[in-house]
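# Fold and geometry: a report
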Amino acid sequence: MASFDGRPKERTTPSAWTIRSPYRININRDDGDRRASSSNQPSTSTSTVDDDTQQEAPSKSMRTTRHTPAFLPNFVRTEPENASSSHKADGEQGPTQRLYNTLNPTYRFPCAADEVENKRQEHQHTAFSIVFRGLYPCPDAVRATLRDDGTAKAILDLGCGTGTWAIEMAREFPHATVLGVDIVPCTANPADIPSNCKFEIDDVNHGLDHFEEQFDLVHLRNLSMGLRNFRKTMEEVSKCLKPGGLAVFIEGDNELIHRDMVTVVPMAMLDHEIRKDSSVSGRSRSASGSWLQRYFHEISHAAQIQGSDWSSAAEAIDEGLWRMDMYDPESCGASSAFVPIGPWLKAPDETSTVHLQHVGSLMRTDMLSLLRAAQSLLLQVGVHQSMIDQWIASATYELKAEKFESFARFRVAWGRRKRPANSDSPDQSSTSLESQAPVTETYSIYDRIRPNCQPVTTYASRTESLMAKEARNSTKTKQPVPFVIELANKKVLTK
Ligand SMILES: C[S@@+](CC[C@H](N)C(=O)[O-])C[C@H]1O[C@@H](n2cnc3c(N)ncnc32)[C@H](O)[C@@H]1O
């Protein structure tokens, strides 16, 4: 099977960039600038990438940290309603105008071309790399899949963002080719992009048929906010795999987990909800709940209103790939990665404490940035700016004061595509349960919090994964109706 960049129906390109149809780029040669314009409307045309759509990589002498492709403006816009400086809470630093993608209206977070968002994604990537002790959460399966056995290996990263994961994988596996796909051009410095790494602009919602059976590894991390049907994408991913190829899905939970690694942190209540609830005194109710948790509750429902399938991604990953026809159940696994929010986690020795606190600080910075990143989504569903500012200020205070010692949980699921029954390909010797890396002093602290827990807790079966989910769900307090849903219902009623 031809590799992704050698397919006959697509022309190969010397550039690091390809823009896949239906997003055709028209180069305006008159102004002497290779400026492009694109259409937001998916085309029904089956035309393949045209020569004119190929962008040359800028010269390697451009040694800036980040790079602005000439056609970036056509894939990126500023949010008009963000132009006001009143959109920043007191003491907040950074630009007021954020950059958003123009291709996928479901994805309402700033894009990786936005400086602040780029940094946020980089912080999160570093935190993951520490917690996973590398670039991937299931090392045995990934290394077995990508081992250099003389055959061509190909890796696909869907929703590649800053491009850092793709670039680092290309360096770690120089014998493999890596393709990063995103709705906006990646702004990594071309000088930093290895020759075995390429990027493509495309919306995953338009399907992945063109990648059929081309990849050994497909990686999808925190993309669900921009997907309209997560389970459908999961199916499509399985078809992109060569027989025996591996899929890895990682998605953030939209719930904070207490330091016991099970209890879901209760959420703060809004004034009118406290007034309605006579069972608990208002003061204790608002004092005990988390504003960050409440913010997640609101943004996950706002995303749903906007057509995102973020919330069902969580369910789907907890269930794992065991029951999906395309995957070999013997090869499937799932895990929860618990990443501390803030530097509250302390280990018995100083080195480990520094290590864990570094991850915690990265995650807290990530969360602080995420609060403002989500405001466009909330504005879009009708929440007033002053209310958003109030929520952000409360969540910021909570994070900075370390009011809750909590973890962000990331759900992970992986599995291999089945091979045909008569296949004589060598078995890739991976089992569903990853061999646990030795527990270093750094991570033994997790053991003390909860026996046998590590930052990445692996579940050997679907049942085990669902039992862990049940245990978390049983700790949940009554969930308020999201404010954004109340707003949406009112709109419906007043129509
Ligand atoms: C939260 S970021 C995660 C980036 C990267 N995967 C990581 O974990 O660092 C989500 C990325 O997915 C991209 N994205 C969102 N919807 C998409 C879609 N439908 N197709 C392709 N990319 C999409 C966004 O532009 C953004 O770069």
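Throughout what follows, the structure given in this document is the object of discussion. Computed from a prediction, not measured in an experiment: that's the story for all the values here.

### Quick word on the site of the ligand
Around the ligand sit 23 residues in total, of which Gly159, Gly161, Val204, Arg221 and Gly226 are the nearest. Contributions of two or more residues to the shell around the ligand are made by α1 (115-131) and β7 (176-182). Among the residues making up the shell around the ligand, the classes are represented as 11 nonpolar, 9 polar and 3 charged.

### Quick word on the environment of Asp318
Mapped onto the secondary structure, Asp318 falls in helix α8 (residues 310-319). Residue Asp318 is classed as buried on the basis of its C-beta count, with 21 C-beta atoms lying within 10 Å. Sequence separation of Asp318 and Glu251 is 67 residues, and the distance between their C-alpha atoms is 9.9 Å. Each residue touching Asp318, except ones within four places of it in the same chain, is listed here: Arg411, Ser465, Leu466 and Lys469.

### Remarks on helix α4 (residues 230-240)
If you check which residues of α4 are buried, you get Phe230, Thr233, Met234, Val237, Ser238 and Cys240. Around the axis of α4, the buried residues are gathered within 155° of arc, so they sit on the same side. Contact partners of the buried residues in α4: β6 (153-158), β9 (215-221), β10 (241-258), α8, β11 (327-341) and β12 (406-417).

### What about the nonpolar core?
In terms of nonpolar packing, the biggest core is built from 123 residues, with Leu156, Phe215, Val218, Val339 and Trp414 touching the most fellow members. Ranked by the residues each element gives to this core, the list is headed by helix α9 (residues 350-373), at 9 residues. With near-sequence residues (within four places) excluded, Val218 lies in contact with Leu156, Leu158, Val237, Cys240, Leu241 and Ala247.

### Points about the pairing of β10
Across the 18 residues of β10, 16 count as buried, placing the element largely inside the fold. Direction of pairing for β9 relative to β10: parallel, over a ladder of 6 bridges. Within β10, the residue paired with Val218 across the bridge is Ala247. Following the backbone out of β9, through α4 and into the adjacent parallel β10, one traces a crossover that is right-handed. Pairing of β10 with β12 involves 10 bridges; the strand directions are antiparallel. Bridged to Ile257 within β12 is Phe407.

Calculation criteria
Residues numbered from 1 in each chain as written. Predicted model: local features only at pLDDT ≥ 70, side-chain atom pairs only at ≥ 80, totals over all residues. Near = placed C-beta within 6 Å. Helix = DSSP H or I, 4+ residues; strand = E, 2+ residues; numbered from the N terminus. Nonpolar A, V, L, I, M, F, W, Y, C, P; charged D, E, K, R; others polar. Buried ≥ 20, exposed ≤ 12 C-beta atoms within 10 Å, placed from the backbone. Contact = placed C-beta atoms within 7 Å. Arc of directions from axis to C-beta. Core = buried A, V, L, I, M, F, W, Y, C linked by C-beta atoms within 7 Å. Pairing = 2+ DSSP bridges. Right-handed = clockwise from strand over helix to strand, strands pointing away.

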